Amino acid sequence: MARAVAIDCDPGIDDMMALLTVCASPELDLRGVTTVGGNVGIELTTRNARSVLSLAGRGDVPVAAGAARSLVRVPVSEKRGAHGDGGLGGITLPEPPGTADLRPAAEFLAATVAAAPGPLTLFAVGPLTNVALFYALYPQVAARLDRLVVMGGSIGAGNMTPAAEFNVWFDPEAAHRVLTDPGVPVPTTLVPLDVTRRTGLVDADIAVLARSGPIGALTARALGGYRHGLGAVTPVHDAVAVLAVLHPELITTRPARVHVDAGYGPSRGGTVVDLEPADGPTVDVVVDADVHAVVEALLDRVTSLDQQV
Ligand code: BDR
Ligand code: CA
């Protein structure tokens, strides 16, 4: 039986890659998508999620919008905008048919987890606001999650500040709730920036996508619009989180205590990953990956969508 999954995202170019990877994976039974404000505002992330699903032939998957902003303090940085004004690197996808689910994301997640035929795996690849609200409002339902897989944080340097990675930087209080003090016994995997920066696409990989057909070509154009400042390698952070579940043999994890800095100093939004924890709940942190095989597997998945149409 396919593994029941849901994805909370803020598309976002690499969120688009993550959604396409899920849609291309028969081992995964995608039961719902929730959106959060992050890379762009909530109206755009919701529209983008619905458009990407429709592009992949999965317009039937319900999408529910969640938090428009972070829980406590709205972050400000000139470094925002890496995904372009529309969030998908300058491409415009057709208006998706139908409408979004009217329930707020936390309520929708609770209903989706409760209705799933078995324990559900939740991918969280945007700011953690919706997941924190889900844990706070529905702890008993959240405890039924099979696993939470988060793209976020870093062992070393961040990408928004020297300390902070974007998803944690955007809502540190929510990240603290989910990663440091969840209050619910949910097995959690953290896919940090250190690994996702290494598992990016070079121009030849993007050319493979561009040649595969209409879906690959649009994805390649979106990736071309990613203003990430890393030179020749275009990261696909969020898709690596999906790959970590599809191909656990390609990653190495270590149990760690993850402390989120929710203070107001210069390291706000930073994560301190203690790989030799004395006590407290631990998170399985991805510390290494078979870079070449991860990239190959991602390309295989996304290009397979064009073979299906
Ligand atoms: C994360 O931040 C976002 O910009 C990406 O979509 C990804 O989820 C990487 O730091
Ligand atoms: Ca994201």
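Per-chain numbering applies: the sequence of each chain, read as written, is numbered from 1 onward. Key to labels: chains lettered from A, ligands numbered from 1, both in the order written. Only residues with pLDDT of at least 70 get local features here, since the model is predicted, and only at 80 or more are side-chain atom pairs given and counted; chain-wide, interface and lining totals rely on the full set of residues. Hydrogen atoms and water are omitted, and side-chain values are computed over all heavy atoms in the structure.

(A) Broad picture of the sheet that holds strand 8 (residues 271-274). One open sheet holds the 9 strands; their spatial order is 3-2-1-4-5-6-9-7-8, and the pairing between them is mixed. Both edges of this open sheet fall to strand 3 (63-65) and strand 8, since each of them pairs with a single strand only. Mean inter-strand twist for the sheet, computed between neighbouring axes without regard to direction, equals 30°. What makes two strands pair is DSSP finding at least two bridges between them. A run of DSSP states H or I qualifies as a helix once it reaches four residues; a run of E qualifies as a strand once it reaches two. Both are numbered from the N-terminal end. Pairing of strand 4 (residues 121-124) with strand 5 (residues 147-151) involves 4 bridges; the strand directions are parallel. When the sheet's bridge partners are listed, phenylalanine 123 is paired in strand 5 with valine 149. Pairs of residues are marked as contacts when any of their non-hydrogen atoms sit within 4.5 Å. Inter-axis angles, ranging from 0 to 180 degrees, are taken between N-to-C directions of lines fitted to C-alpha atoms, where helices are fitted over the stretch in contact. Seen against the sheet, helix 2 (residues 42-55) touches strand 2 (28-35) and strand 3 and runs at an angle of roughly 155° to strand 2.

(B) Region of interest: the pairing of strand 9 (residues 283-289). As defined by bridge partners, strand 6 (residues 188-191) adjoins strand 9 across 2 bridges and the pair is classed as parallel. The residue of strand 9 that forms the bridge with threonine 189 is aspartate 284. Both strand 7 (residues 251-260) and strand 9 contribute to a ladder of 6 bridges, which runs antiparallel. Looking at the pairing, isoleucine 251 lines up with alanine 289 of strand 9.

(C) The arrangement of the site of ligand 1 in detail. Residues in contact with ligand 1, as listed here, are Asp14, Asp15, Asn39, His83, Val125, Met151, Asn159, Glu165, Phe166, Asn167, His237 and Asp238. Pairs of N or O atoms are called polar contacts if they sit within 3.5 Å, as long as, within protein, a hydrogen donor faces a hydrogen acceptor (for residues adjacent in sequence, only side-chain-to-side-chain pairs). In this structure, an oxygen atom belonging to ligand 1 sits 2.6 Å away from a side-chain N or O atom of aspartate 14. Between ligand 1 and the protein, one listed contact pairs an oxygen atom with a side-chain N or O atom of glutamate 165 at 2.5 Å. Starting from 280 Å² of accessible surface for ligand 1 in isolation, the protein chains cover 96%. Nearness is judged by heavy atoms alone; a residue qualifies as near a molecule or strand once a single heavy atom is within 4 Å of it. Working definition of accessibility: Shrake-Rupley area with a 1.4 Å probe, residue cover restricted to the visible protein chains.

(D) Representation of the pattern of salt bridges within the structure. Any carboxyl oxygen of Asp or Glu within 4 Å of a side-chain nitrogen of Lys or Arg constitutes a salt bridge here. The full count for this structure, using the stated rule, is 9 salt bridges. Residues arginine 301 and glutamate 27 are paired through a salt bridge, measuring 2.8 Å at the closest nitrogen-oxygen approach. Here glutamate 27 lies in the loop between helix 1 (13-23) and strand 2 and arginine 301 lies in helix 12 (residues 291-308), a separation of 274 residues in the sequence. For each residue, the accessible area found with a 1.4 Å probe, counting protein chains only, is set against the maximum for its type, and the residue is called buried under 20%, exposed over 50%, and partly exposed in between. For glutamate 27, a relative accessible area of 35% gives the class partly exposed.

(E) Structural detail: unusual backbone geometry. Following proline 11, the chain continues into glycine 12 via a peptide bond in cis, with omega recorded as -10°. Within the fold, glycine 12 resides in the loop between strand 1 (3-9) and helix 1.

(F) Inspection of the coordination of the calcium ion (ligand 2) at higher detail. In the first shell of the calcium ion (ligand 2), the protein supplies Asp10 (OD), Asp15 (OD), Asp15 (OD), Val125 (O) and Asp238 (OD), at 2.3 to 2.7 Å from the metal. For Na, K and Ca the donor cut-off is 3.2 Å, while for other metals it is 2.8 Å, and in both cases only N, O and S atoms qualify; water is not among them, so sites may look incomplete. Every donor residue of the calcium ion (ligand 2) comes from the same chain, spaced as D-x4-D-x109-V-x112-D. Here aspartate 10 is found in the loop between strand 1 and helix 1, whereas its partner aspartate 238 is found in helix 11 (residues 237-246), with 228 residues between them in sequence. Each member of the pair, aspartate 10 as well as aspartate 238, is classed as buried.

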